[in-house]
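# Coordinates in review
The primary structure of each chain is shown beneath.
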Amino acid sequence: MAMTFDEIVRARHSVRAYDSERPVPEEHILAIAEAGRLAPSANNSQTWRFIAVTDRELLAQLSTEGMRALGANKFMREAPLIIVGCAKRDLLVNKVFGRIADTDYYQIDLGIAMEHMALKATELGLGTCWVGWFNEDRAKEILAIPEDVRVHVMLAVGYPRDPAAPQKPHKRKPLDRILFRNRWAETAETPE
């Protein structure tokens with residue numbers, strides 16, 4: 001039986017241990033990319049571009065040379081798939097309107113598309129983990145990404161090494177602390 005949307009959202013969590021010997025099937029890669037493609041974007045600009053990295057040598061380079069200081073990313077190296085989220089900024093929407101509104105629409109659009117992909121991967125029984133701690137310039141060199149294209153996020157994707165391992169409960173604030181009605185109503189927070 002297929003998971004409901006609420007079940008998918010609750011099941012999604014950051015996986016940091018992948019079965020490196022089990023590749024993500026091509027049909028799953030295409031289904032995940034399709035979920036990203038269908039995401040909304042400012043003025044339908046669709047400025048996102050995705051690179052599905054499955055080559056073991058490139059994965060190794062991204063997870064070591066492509067990281068910021070503090071060393072290699074071990075779970076990225078184990079993941080059989082890294083989806084690199086790029087943005088090719090649209091002149092009108094992202095450069096002109098973005099400056100007027102002081103909003104980087106392409107970043108919002110890419111975030112929506114990447115989350116669509118993370119949720120699709122969860123539906124397919126895959127684990128994911130967002131990666132933001134990387135060296136953009138080095139990642140661009142490794143993957144031959146043009147200078148005018150931004151790399152904003154990477155998504156590690158793969159089968160969890162131990163799918164039966166108990167999940168740590170998501171620590172989330174109660175709804176009444178983050179949802180206000182009609183006006184701002186935040187009260188002093190108790191340290192967690």
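In this report, we go over the structure that sits alongside the text. (Residues numbered from 1 in each chain as written. Predicted model: local features only at pLDDT ≥ 70, side-chain atom pairs only at ≥ 80, totals over all residues. Heavy atoms only, no water.)

### Examining the overall build of the protein
Counting its secondary structure elements, the protein contains 8 helices and 4 strands. The helix and strand sequence of the protein, counted from the amino end, reads α-α-β-α-α-β-α-α-β-α-β-α. The C-alpha atoms of the protein give a radius of gyration of 18 Å, which matches the 16 Å a tight globule of 192 residues would have. Based on the C-alpha atoms only, the size of the protein along its principal axes is roughly 50 × 45 × 40 Å. Taken across its 192 residues, the protein has 36% of its residues classed as buried. In the protein, the share of contacts with a sequence separation of at least 24, taken over all contacts with a separation of at least 6, comes to 78%. Of the roughly 12100 Å² of accessible surface on the protein, 53% is carried by carbon and sulfur atoms. Across the protein, the 26 positively charged side chains and the 27 negatively charged ones have centroids separated by 4 Å. (Helix = DSSP H or I, 4+ residues; strand = E, 2+ residues; numbered from the N terminus. Rg over C-alpha atoms; globule rule 2.2 N^0.38 Å. Buried < 20%, exposed > 50% of the residue type's maximum accessible area, 1.4 Å probe, protein only. Contact = heavy atoms within 4.5 Å. Areas by Shrake-Rupley, 256 points an atom, 1.4 Å probe, with all protein chains shown as cover. Lys, Arg positive; Asp, Glu negative; His and termini not counted. Charge placed at Lys NZ, Arg CZ, Asp CG, Glu CD.)

### Regarding a nonpolar patch on the surface
A grouping of Val 96, Phe 97 and Ile 100 is seen on the molecular surface, where their side chains present a nonpolar patch of about 290 Å² in accessible area. Within the secondary structure, Phe 97 sits in helix α5 (residues 91–101). In this structure Phe 97 comes out as partly exposed when scored by relative accessible area, which is 38%. (Patch = residues over 30% accessible without salt bridge, like charges linked within 9 Å, V, L, I, M, F, W, Y side chains within 5 Å. Salt bridge = Lys/Arg side-chain N within 4 Å of Asp/Glu carboxyl O.)

### Side note on the nonpolar core
Side chains of a nonpolar character, in soluble globular proteins, are inclined to be buried together. With 23 residues, the main nonpolar core has Leu 62, Met 76, Ile 82, Val 84 and Met 154 as its most contacted residues. Breaking this core down by element, the ones donating at least two residues are α3 (56–64), α4 (74–78), β2 (81–87), β3 (127–131), α7 (136–143) and β4 (150–158). In this structure, Leu 81, Leu 110, Leu 155 and Tyr 159 belong to the second largest nonpolar core, which totals 18 residues. (Core = buried A, V, L, I, M, F, W, Y, C linked by side-chain atoms within 4.5 Å.)

### Some details on the sheet that holds β2
Taken in spatial order, the 4 strands line up as β1-β2-β4-β3 in an open sheet, and their pairing is antiparallel. Strands at the two margins of the open sheet, each flanked by one partner only, are β1 (48–53) and β3. Between one strand axis and the next, the sheet turns through 20° on average, direction left out of account. Sheet topology note: the β3/β4 ladder contains 5 bridges and is antiparallel. The partner of Thr 128 across the bridge, within β4, is Val 157. In the packing of helix α6 (residues 105–123) onto the sheet, contacts are made with β1, β2, β3 and β4, and the angle to β4 comes to roughly 5°. (Pairing = 2+ DSSP bridges. Axes fitted to C-alpha atoms, helices over the stretch in contact; angles between N-to-C directions.)

### A closer look at the packing of helix α2 (residues 26–37) against α6
To characterise two packed helices, one gives the angle between the axes of the helices and the distance between these axes. For the pair α2 and α6, the least separation of the axes is 7 Å and the interaxial angle reads 145°. The two elements α2 and α6 cross, and the hand of that crossing is right-handed. Together, Ala 31, Ile 32, Ala 33, Ala 35 and Gly 36 of α2 and Ala 113, His 116, Met 117, Lys 120 and Ala 121 of α6 make up the contact between the two elements. A breakdown of the residues in the contact of α2 with α6 according to their chemical character gives 7 nonpolar, 2 polar and 1 charged. (Left-handed = near helix turned anticlockwise from the far one by under 90°. Nonpolar A, V, L, I, M, F, W, Y, C, P; charged D, E, K, R; others polar.)

### So, the layout of surface pockets
Each pocket or cavity is described by its volume, and for the largest pocket that value is around 710 Å³. In terms of lining, the largest pocket is formed by 26 residues, of which the most central are His 13, Ser 14, Val 15, Arg 16 and Gln 167. Along the lines of polarity and charge, the residues of the lining of the largest pocket split into 11 nonpolar, 8 polar and 7 charged. (1 Å grid on protein atoms, 1.4 Å probe; cavity = no way out; pocket = protein on both sides within 12 Å on 5 of 7 lines; lining within 4 Å. Points joined across faces, edges and corners; volume = space filled by probe spheres on them.)

### Notes on the packing of aromatic side chains
Taken as a whole, this structure holds 2 aromatic pairs when the rule is applied. Centroid distance Trp 48 to Phe 50: 6.4 Å. Interplanar angle 15°. Geometry classified as stacked. Arranged with centres 4.8 Å apart and planes meeting at 65°, the rings of Phe 180 and Trp 184 form a pair that is edge-to-face. On the basis of relative accessible area, Phe 180 is assigned to the partly exposed category, the value being 21%. Taking the ring centre of Tyr 159 as reference, the NZ or CZ of Arg 22 above it sits at 3.5 Å. (Phe/Tyr/Trp six-rings, centres within 6.5 Å; stacked < 30°, edge-to-face > 60°. Lys NZ or Arg CZ within 6 Å of the ring centre and 35° of its normal.)

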